[in-house]
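Here is how the chains run, residue by residue.
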Amino acid sequence: GQQVMQIPQYQHVQEGEDFTTYCNSSTTLSNIQWYKQRPGGHPVFLIQLVKSGEVKKQKRLTFQFGEAKKNSSLHITATQTTDVGTYFCAGHIDKLIFGTGTRLQVFP
Amino acid sequence: DSGVTQTPKHLITATGQRVTLRCSPRSGDLSVYWYQQSLDQGLQFLIQYYNGEERAKGNILERFSAQQFPDLHSELNLSSLELGDSALYFCASTPREDSGNTIYFGEGSWLTVV
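Residues numbered from 1 in each chain as written. Chains lettered and ligands numbered in written order. Predicted model: local features only at pLDDT ≥ 70, side-chain atom pairs only at ≥ 80, totals over all residues. Heavy atoms only, no water.

Peer 1: Explain the overall build of chain A to me, please; I cannot follow it from the model alone.
Peer 2: For chain A, the count of helices and strands is zero helices and eleven strands. Relative to the 2.2 N^0.38 estimate, which gives 13 Å for 108 residues, the radius of gyration of chain A is 13 Å and therefore close to what a compact globule would have. The principal-axis extents of the C-alpha atoms in chain A amount to approximately 40 × 25 × 20 Å. Put simply, chain A has 108 residues, and 49% of those count as buried. Taking all contacts inside chain A whose residues are at least 6 apart in sequence as the whole, residues at least 24 apart take part in 54%. Carbon and sulfur atoms form 52% of the exposed surface of chain A, whose accessible area is close to 5,200 Å². (Helix = DSSP H or I, 4+ residues; strand = E, 2+ residues; numbered from the N terminus. Rg over C-alpha atoms; globule rule 2.2 N^0.38 Å. Buried < 20%, exposed > 50% of the residue type's maximum accessible area, 1.4 Å probe, protein only. Contact = heavy atoms within 4.5 Å. Areas by Shrake-Rupley, 256 points an atom, 1.4 Å probe, with all protein chains shown as cover.)

Here it is as structure tokens:
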């Protein structure tokens, strides 16, 4: 079936270091969305990418959609403790399929 | 605040019992989704309703059922509960039938089966 995989599953970084999570789909996606879930919270929408090769930035966060629309990445520059949480990608084909998530821990 | 309301926030029940989780979508949203998130797990899609009708089914057990009412609120019924059903259950909503746009999550209902 359709799957969306994310790596790594966990990432521990020192505050100030960069962080990247990667998302891969077995199927070409119509769009991809990214969500952040803080510990104890609910997933909150961050961004949606639609076009092949699209790159979008939100302050220290950079989102990229692959040329083949099968993969995506989220890069955080100079992490802060407020970045702690689990980051999910969600690929849309005929329905939204969430990736397995990457849990980010930032040590001060 | 996403505008999606879920009740109860926390629920503890015994194995073999039945519970009902309730969700009110954002005002104007016609589509409701249910997700299950177990400890350290991702979001497992259970089922989607659009304007009262079932639209898509995911990994929903036969012991679980859901419905969406004319006022668009939805209920997820979990029966013959097992310890493994302990999880955070999220409801989410979107304006349209397809999930191509942002979906808005409620704060979830924590279910503990003891």
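Peer 1: Even after reading the chapter, I still don't get the overall build of chain B, so can you show me in this structure?
Peer 2: Looking only at helices and strands, one finds zero helices and eleven strands in chain B. Counting from the amino terminus, chain B carries its helices and strands in the arrangement β-β-β-β-β-β-β-β-β-β-β. For chain B, whose C-alpha radius of gyration is 13 Å, the value lies close to the compact-globule estimate of 13 Å for 114 residues. Along the first, second and third principal axes, the C-alpha atoms of chain B reach 35 × 25 × 25 Å. Within chain B, the proportion of its 114 residues that are buried is 51%. For chain B, the proportion of contacts with a sequence separation of at least 24, taken over those separated by at least 6, is 55%. Only carbon and sulfur atoms are counted for the fraction: they give 46% of the accessible area of chain B, which is about 5,400 Å². Charged side chains in chain B number 8 positive and 13 negative. The centres of these two groups are separated by 2 Å. (Lys, Arg positive; Asp, Glu negative; His and termini not counted. Charge placed at Lys NZ, Arg CZ, Asp CG, Glu CD.)

Peer 1: Please explain the pattern of salt bridges as it appears in this structure.
Peer 2: Once the charged atoms of two side chains with opposite charge are near each other, the side chains can pair. Taken as a whole and judged by the stated rule, the model has seven salt bridges over all chains. One connected set of salt bridges, linked through shared partners, spans Arg63(B), Glu82(B) and Asp85(B). (Salt bridge = Lys/Arg side-chain N within 4 Å of Asp/Glu carboxyl O.)

Peer 1: Got a minute to help me understand the nonpolar core in this structure?
Peer 2: Note that soluble globular proteins tend to have their nonpolar side chains buried in a common cluster. Counting 21 residues, the largest nonpolar core has Trp34(A) and Phe63(A) as the members making the most contacts within it. Sorting the residues of this core by element identifies strand E3 (19-25), strand E4 (31-37), strand E5 (44-49), strand E7 (61-65), strand E8 (71-76), strand E9 (85-92) and strand E11 (102-107) of chain A as the ones contributing at least two each. Formed by 20 residues, the second largest nonpolar core is a distinct cluster that contains Val4(B), Ile47(B), Ile60(B) and Leu76(B). (Core = buried A, V, L, I, M, F, W, Y, C linked by side-chain atoms within 4.5 Å.)

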